[in-house]
Amino acid sequence: MKAILPVFAIIILGITAATMYYLDPIPQPLEYHNFADKRELVPHIPNTLDVLSNIPFAIVGLMGIIHCFSSTADPRRRLSFAHSWERVAAFVIYAALVGVAIGSSYYHLAPSNPALFWDRLPMTFCFMAFFSIFVGEREGLASVGRFSFGPLICLGLWSVSHWLATELEGKGDLRPYLLVQYIPVCVVPILLAFTSPVYDTSPWYLISAFLTYVAAKVLEVYDPVVYELTNHMVSGHTLKHLAAGVTGLCLYLHLLRRRAEE
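Residues numbered from 1 in each chain as written. Predicted model: local features only at pLDDT ≥ 70, side-chain atom pairs only at ≥ 80, totals over all residues. Heavy atoms only, no water.

### Thoughts on the packing of helix 7 (residues 142-168) against helix 8 (residues 175-194)
Each packed pair of helices is defined by two parameters, the angle between the axes and the distance between the axes.
Argument step 1. With their axes 7 Å apart at the nearest point, helix 7 and helix 8 run at an angle of 145° to one another. Where helix 7 crosses over helix 8, the handedness of that crossing is left-handed. Taken together, the residues of helix 8 that come into contact with helix 7 (itself represented by L155, G156, W158, S159, V160 and H162) are P176, Y177 and V180.
Argument step 2. Among the residues forming the contact of helix 7 with helix 8, the class breakdown is six nonpolar, three polar and no charged. (Axes fitted to C-alpha atoms, helices over the stretch in contact; angles between N-to-C directions. Helix = DSSP H or I, 4+ residues; strand = E, 2+ residues; numbered from the N terminus. Left-handed = near helix turned anticlockwise from the far one by under 90°. Contact = heavy atoms within 4.5 Å. Nonpolar A, V, L, I, M, F, W, Y, C, P; charged D, E, K, R; others polar.)

### Remarks on unusual backbone geometry
Argument step 1. Even without a glycine there, the phi angle at H44 is positive, about 70°.
Argument step 2. When you line up the elements, H44 lands in the loop between helix 1 (5-22) and helix 2 (48-52).
Argument step 3. Even without glycine at this site, H232 takes up a positive phi of about 65°.
Argument step 4. Along the chain, H232 turns up in the loop between helix 10 (223-229) and helix 11 (236-257).

### Points about a nonpolar patch on the surface
Argument step 1. A surface patch of nonpolar side chains, amounting to about 760 Å² of accessible area, comprises F210, L211, V214, V218, V221, Y222, V225 and L229.
Argument step 2. Breaking the nonpolar patch down by element, the ones donating at least two residues are helix 9 (204-221) and helix 10.
Argument step 3. For the nonpolar patch, the element with the most residues is helix 9, which contributes five residues.
Argument step 4. As for its position among the elements, V221 is in helix 9.
Argument step 5. Among the residues examined, V221 registers a relative accessible area of 60% and is labelled exposed. (Patch = residues over 30% accessible without salt bridge, like charges linked within 9 Å, V, L, I, M, F, W, Y side chains within 5 Å. Areas by Shrake-Rupley, 256 points an atom, 1.4 Å probe, with all protein chains shown as cover. Salt bridge = Lys/Arg side-chain N within 4 Å of Asp/Glu carboxyl O. Buried < 20%, exposed > 50% of the residue type's maximum accessible area, 1.4 Å probe, protein only.)

### As for the packing of aromatic side chains
Argument step 1. Counting across every chain of the model gives eight aromatic pairs.
Argument step 2. Between Y94 and Y252, the aromatic rings sit 6.1 Å apart at their centres with planes inclined by 70°, giving edge-to-face as the arrangement. With Y94 in helix 5 (residues 84-109) and Y252 in helix 11, this residue pair connects regions lying 158 residues apart in the sequence. Here Y94 and Y252 have matching classes, each one buried.
Argument step 3. Between the aromatic rings of F130 and F134, the centroid separation amounts to 6.0 Å while the plane-to-plane angle is 35°, which identifies the pairing as tilted. On the criterion of helical spacing, the pair formed by F130 and F134 is a turn pair, its members being four residues apart in helix 6 (residues 113-136). Across the pair, F134 and F130 agree in class, each one buried.
Argument step 4. Through successive ring pairs, a cluster of aromatic residues spans Y32, F35 and Y107.
Argument step 5. Lying across the ring of W163, R120 places its NZ or CZ 4.9 Å from the centre.
Argument step 6. We note R258 situated over the ring of Y199; from NZ or CZ to the ring centre the distance is 3.8 Å. (Phe/Tyr/Trp six-rings, centres within 6.5 Å; stacked < 30°, edge-to-face > 60°. Lys NZ or Arg CZ within 6 Å of the ring centre and 35° of its normal.)

This is how it looks when you write it as structure tokens:
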């Protein structure tokens, strides 16, 4: 079973990519920028809660960066990374989370497609770096994770750049970005269920990360509904940021507490 999993994952990737290719280009709907909560609760910070709810990304990112550097000196924490490339990938994840905090805050101050680029760019780096480090920690797939890290980061960069370039040309195409975002969501649960980790770790951090990410996407879709249900106290998009921040925290705890065999 384990021997055919990489082939199975490649088949999923191929089918998904082919499906995206044959779909018509998907432009970014302009109504996406019309968020429910437009209140300026703090002077000079429009869309205040959508801006300030990005703070958890920065907190988790900074905690993770500290972990990356301290793990080189602390023998116990050094066991979090059996290979040097994993520490680099983890650093990219955490730096990208800080980038999300900055980019998303900038975007929500004045939502537009060009500003959205700076929100999505660090997110793709985070997705791709996590995907490679997750694959690399599964038994028998260490080399796959290591050699996919660089190409995946480049793919993420291209997907967002392609989207913005096509939007500016008046024929927006979100297909590559959607591919980059949702392939890990499809493949990670399969590998989590049918492969073993090479680290001594609990699966519940990753399961919690998956569930909170799904919750974040649902809250994003039902942004105005949540705003109405809470009597205009908080919007779905604000809660989406908080749920995604918990996702980042779960990833941080997973990498912090996993241990390689000595």
